[in-house]
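Report on the structure
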Amino acid sequence: RTFLYVEMKFFSKWYSALPSAQQKSLQDLIKKEQFSFANGGWCMHDEAATHYMGMIDQTTLGHQFLLKELGVVPKVGWQIDPFGHSATQGGLLTSSVGFDALYFGRIHYVDLQNRQTAAECEGLWKSAPDNSSVFGD
């Protein structure tokens with residue numbers, strides 16, 4: 001079993017308050033892949049309502065914290081509740097930050113029905129200017 005954590009602002013406050021023995025125990029859980037991080041941003045930005053610089057800054061801040069404190073780089077993106085998805089997320093904040101996959105929670109019900117009927121719920125997001133996939137073709 002693995003516990004998954006997403007937003008680093010709250011995690012950083014909790015982690016910094018832990019006694020060193022508990023920090024060490026947590027680091028052991030991370031090494032055993034029983035505690036993991038998805039997205040790794042300082043917060044989960046709302047892709048549709050924020051400027052791309054804010055998206056980049058908060059992702060960078062969270063990733064720097066994880067790398068400095070725990071030697072961790074998240075491999076999976078997680079956008080569970082944004083009100084829309086932006087080209088910035090697809091073009092800059094997915095494969096460019098090292099993600100192997102991106103999971104998101106909101107999808108238009110017609111799109112979801114069509115994907116379920118066709119048994120094609122996975123897909124490659126093509127938002128890059130050269131129309132390449134964010135995870136490579």
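**Regarding the overall build of the protein chain**
Assigned secondary structure in the protein chain consists of five helices and four strands. Sequence-ordered secondary structure for the protein chain, helices as α and strands as β, is β-α-α-β-α-β-α-β-α. For the protein chain, the proportion of its 137 residues judged to be buried stands at 31%. Of the roughly 8600 Å² of accessible surface on the protein chain, 55% is carried by carbon and sulfur atoms.

**Focus: the environment of Arg115**
Assignment of secondary structure puts Arg115 in helix H5 (residues 109-117). Here Arg115 is in contact with Ile107, Glu120, Cys121 and Glu122, once residues within four sequence places are set aside.

**Description of the confidence of the model for the protein chain**
Should the pLDDT be low somewhere, the predicted coordinates at that spot are not to be read in detail. Summary statistics for the protein chain give a mean pLDDT of 83 and a share of 82% for residues scoring 70 or more. At the low end of the mean pLDDT range in the protein chain sits helix H4 (residues 87-91), at 70; at the high end sits helix H2 (residues 20-31), at 97.

**Notes on the environment of Thr88**
Locating Thr88 in the fold gives a position in helix H4. Overall, the relative accessible area of 16% leaves Thr88 in the buried class. Separated by 35 residues in sequence, Thr88 and Met53 place their C-alpha atoms 9.4 Å apart.

**A short note on helix H3 (residues 52-70)**
Over its 19 residues, H3 extends 27 Å from the first C-alpha to the last, a length consistent with the 27 Å expected when each residue adds 1.5 Å. Among all positions in H3, only Met55, Gln58, Thr59, Gly62, His63, Phe65, Leu66 and Leu70 are buried. Here the buried residues of H3 occupy an arc of 155° about the axis, which is enough to place them on one side. Opposite its buried face, H3 presents the exposed residues Gln64 and Lys68, each directed more than 90 degrees away.

**With respect to the pattern of salt bridges**
Side chains bearing opposite charge may pair, as long as their charged atoms lie close to each other. One pass over the structure, following the stated rule, counts two salt bridges. Between Asp28 and Lys24 there is a salt bridge, with the nearest N and O atoms lying 2.8 Å from each other. Here Asp28 pairs with Lys24, and both are found in helix H2, just four residues apart, close to one helical turn. Under the relative-accessibility criterion, Asp28 is labelled partly exposed at 27%. Salt-bridge contacts for Arg115 lead to Asp111; the nearest nitrogen and oxygen are separated by 3.0 Å. Of this pair, Arg115 and Asp111 both sit in helix H5, separated by four residues, roughly a single helical turn. The partly exposed category is assigned to Arg115, whose relative accessible area is 29%. Looking at Asp111, the relative accessible area reads 31%, which means it is partly exposed.

Reading guide: rules and limits
- Residues numbered from 1 in each chain as written.
- Predicted model: local features only at pLDDT ≥ 70, side-chain atom pairs only at ≥ 80, totals over all residues.
- Heavy atoms only, no water.
- Helix = DSSP H or I, 4+ residues; strand = E, 2+ residues; numbered from the N terminus.
- Buried < 20%, exposed > 50% of the residue type's maximum accessible area, 1.4 Å probe, protein only.
- Areas by Shrake-Rupley, 256 points an atom, 1.4 Å probe, with all protein chains shown as cover.
- Contact = heavy atoms within 4.5 Å.
- pLDDT = per-residue confidence, 0-100.
- Expected span 1.5 Å × (residues − 1).
- Arc of directions from axis to C-beta.
- Salt bridge = Lys/Arg side-chain N within 4 Å of Asp/Glu carboxyl O.

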